[in-house]
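Coordinate inspection notes
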Amino acid sequence: MSGSQEVMSGEHGGPVTLVTGGASGIGAATVRRLVAAGHRVAVTGRDQGRLDGFAAELGAGEALLPIAADTTDFAAVQGAVDTTVKVFGRLDHVVANAGFSTHDNLADGDPEEWREMLLVNVLGPALLVKAALPELMANGGRIILVGSTAGIKNTPGNMYSVSKTALTSLAENTRVLVTGAGVGVTLIAPGRVDTPFWSSHPQGAAPTGPVMTAENVADAITWALGQPAGVDVNTVVVRPIGQVH
């Protein structure tokens, strides 16, 4: 996949896209791809210093806007949307990428950690949709929700799988809500990806077996955003060859 399709342009430059959880992993790779494709990008995370460091490393100048925001706090999410519109003049797309896994199951997991994971993985994307919807409807934009194959095929007792199954449902619920308003919705469901996502895994790294890179998933996101007006790609499942589930 590539982002070779012509993308929508704003009045004062390229399209404007907001990416949550964009300072590392899939989010950071997506930001790099989008900036290279001519987007102006707002990127959020909880640590302003880390965001500023990423922005400096990327060297995108005024095309990249780092905003500290907690994706589970609606006021913070609305503030990020409002700041993006204030700085760039519009908002065309959002990419709900922020998420994490507790890497446990119903038998041995910590319920308090599940609570935070469900807030980040499910509530966070819903808040982003709500906050961004007026701008997206005005501009005929697109919503990308980064899910997982864990939300397509359940893993026994795994609460991360539960959260991503809920996100899969959120994507379809959102699509039927906004498609009449000209807004596209795409669920990108990657399989195993070698990113810092695995740093909290008991093994400290991705399990052995086939893996993709963050850039592979970023290519899928950029491709979905680059579809022609009137075309809505709803679900993209991307696995490394050799991953069975």
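Structure's up top.
Structure report, in brief. Here the structure is a predicted model, which is why all the values come from computation and not from measurement.

So, the pattern of salt bridges
Tallying each qualifying case throughout the model produces seven salt bridges. Across the pair R46 and D70 runs a salt bridge, and its minimum N-O distance is 3.2 Å. Placement of the pair is R46 in the loop between β2 (40-45) and α2 (48-58) and D70 in the loop between β3 (64-68) and α3 (74-88), with a sequence separation of 24 residues. The exposure class assigned to R46 is exposed, which follows from its relative accessible area of 52%. For D70, a relative accessible area of 25% puts it in the partly exposed group. Within this structure, R46, D70 and E116 form a network of salt bridges that share partners.

Comments concerning the nonpolar core
L18, L91, V94, I143 and L145 are the most contacted members of the largest nonpolar core, which has 29 residues in total. Secondary-structure elements contributing two or more residues to this core are β1 (16-20), β3, α3, β4 (93-96), α4 (111-139), β5 (142-146), α5 (159-178) and β6 (184-190). At seven residues, α4 tops the list of elements feeding residues into this core. Residue contacts for V94: discarding those within four places in its chain leaves L18, L128, A132, L136, R142, I143 and I144. The next biggest cluster of nonpolar side chains, apart from the first, holds 28 residues, and it includes A55, L64, V95 and A218.

Re empty space enclosed by the protein
With the rule as written, the count across this model stands at two cavities of 30 Å³ or more. As a volume, the largest cavity reaches approximately 50 Å³. Contributing to the lining of the largest cavity are L18, T20, T44, A69, T71, V77, A80, V81 and L128. The element contributing the most residues to the lining of the largest cavity is α3, with three residues. The computed volume of the second largest cavity comes to approximately 40 Å³. If you trace the second largest cavity, you find it lined by T20, T71, A96, A98, V120, G124, P125 and L128. The element best represented in the lining of the second largest cavity is α4, accounting for four residues. In terms of residue class, the lining of the second largest cavity is built from five nonpolar, three polar and no charged.

Conventions we followed
- Residues numbered from 1 in each chain as written.
- Predicted model: local features only at pLDDT ≥ 70, side-chain atom pairs only at ≥ 80, totals over all residues.
- Heavy atoms only, no water.
- Salt bridge = Lys/Arg side-chain N within 4 Å of Asp/Glu carboxyl O.
- Helix = DSSP H or I, 4+ residues; strand = E, 2+ residues; numbered from the N terminus.
- Buried < 20%, exposed > 50% of the residue type's maximum accessible area, 1.4 Å probe, protein only.
- Core = buried A, V, L, I, M, F, W, Y, C linked by side-chain atoms within 4.5 Å.
- Contact = heavy atoms within 4.5 Å.
- 1 Å grid on protein atoms, 1.4 Å probe; cavity = no way out; pocket = protein on both sides within 12 Å on 5 of 7 lines; lining within 4 Å.
- Points joined across faces, edges and corners; volume = space filled by probe spheres on them.
- Nonpolar A, V, L, I, M, F, W, Y, C, P; charged D, E, K, R; others polar.

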